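Notes for the structure review
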Amino acid sequence: MYNQHKVIVIIYLLAFSATTNAGETNAHRNDDWTIGDVLKYGAMAAVGGVGAVMAAPVVLATAGFTGVGIAAGSVAAVAQAGIGNIVGGSVFAALQSAGVAGLGGFASTVLATGGAAIGAMVAKVSDKKDDKKD
């Protein structure tokens, strides 16, 4: 449980550090924020978070991690053949479990947090492109 919280904190720290510009003062950044910026960043973070959680089962199934096990001829089957015996607790075992039983609460939280961070970064990149046009 402790390690799960540690991962979430690290993801949040990465998300917030990636959305700031080095060299800008806090006063400058805060003066530029409008309600439109807050809504845009919030919307992009929400879309990224929800999108990541909704896309995960589709991506898992496409890779071959299905509800009834590994699909024959899939990327997952090739990986399993190359690995051999799957060790419990490995990444492959976690993906297999998620394909069969669905995402757990921790996996959903990590995916949503990561997706939200990516959404916020996309909003930041679009801001930089808008600034160059002006």
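Residues numbered from 1 in each chain as written. Predicted model: local features only at pLDDT ≥ 70, side-chain atom pairs only at ≥ 80, totals over all residues. Heavy atoms only, no water.

**A word on the overall build of the protein chain**
- Across its full length, the protein chain carries 6 helices and 2 strands.
- In the protein chain, the succession of α and β elements from N to C terminus is α-α-α-β-β-α-α-α.
- Residue burial in the protein chain is summarised as follows: out of 134 residues, 22% are buried.
- Long-range contacts, defined here as pairs at least 24 residues apart, represent 70% of the contacts in the protein chain between residues at least 6 apart.
- Carbon and sulfur atoms make up 68% of the accessible area of the protein chain, which totals about 8,800 Å². (Helix = DSSP H or I, 4+ residues; strand = E, 2+ residues; numbered from the N terminus. Buried < 20%, exposed > 50% of the residue type's maximum accessible area, 1.4 Å probe, protein only. Contact = heavy atoms within 4.5 Å. Areas by Shrake-Rupley, 256 points an atom, 1.4 Å probe, with all protein chains shown as cover.)

**What to know about a nonpolar patch on the surface**
- A surface patch of nonpolar side chains, amounting to about 440 Å² of accessible area, comprises W33, I35, V38 and L39.
- On the secondary structure map, I35 appears in helix α3 (residues 35-63). (Patch = residues over 30% accessible without salt bridge, like charges linked within 9 Å, V, L, I, M, F, W, Y side chains within 5 Å. Salt bridge = Lys/Arg side-chain N within 4 Å of Asp/Glu carboxyl O.)

**As for the packing of aromatic side chains**
- Within the structure shown, the criterion is met by 1 aromatic pair.
- Between F65 and F92 the ring centres are 5.2 Å apart and the planes differ by 65°, which places this aromatic pair in the edge-to-face class. Within this pair, whereas F65 is found in strand β1 (residues 65-66), its partner F92 is found in helix α5 (residues 91-101), the two being separated by 27 residues in sequence. Take F65 and F92: they sit in the same class, and that class is buried. (Phe/Tyr/Trp six-rings, centres within 6.5 Å; stacked < 30°, edge-to-face > 60°.)

**Description of the environment of Q96**
- Mapped onto the secondary structure, Q96 falls in helix α5.
- Judged by its relative accessible area of 24%, Q96 falls in the partly exposed class.
- On a C-alpha basis, the gap between Q96 and A76 in space is 8.7 Å, while along the polypeptide they are 20 residues apart.

**A closer look at the side chain of S74**
- Here S74 lies in the loop between β2 (69-70) and α4 (75-83).
- Of the residues examined, S74 reaches a relative accessible area of 11% and is grouped as buried.
- With sequence-adjacent residues up to four places away left out, S74 is seen in contact with A63 and G64.

**Structural notes on α3**
- End to end, α3 covers 41 Å across 29 residues, agreeing with the expected 42 Å (1.5 Å per residue, within 8%).
- Largest kink in α3: about 35°, centred on A55, with the proline P57 one to four residues after it.
- Of all the positions in α3, only D37, Y41, A45, G48, G49, A56 and L60 are classed as buried.
- G64 lies just past α3 and shows a positive phi near 110°. (Expected span 1.5 Å × (residues − 1). Bend = angle between axes of the 7 residues up to and from the residue.)

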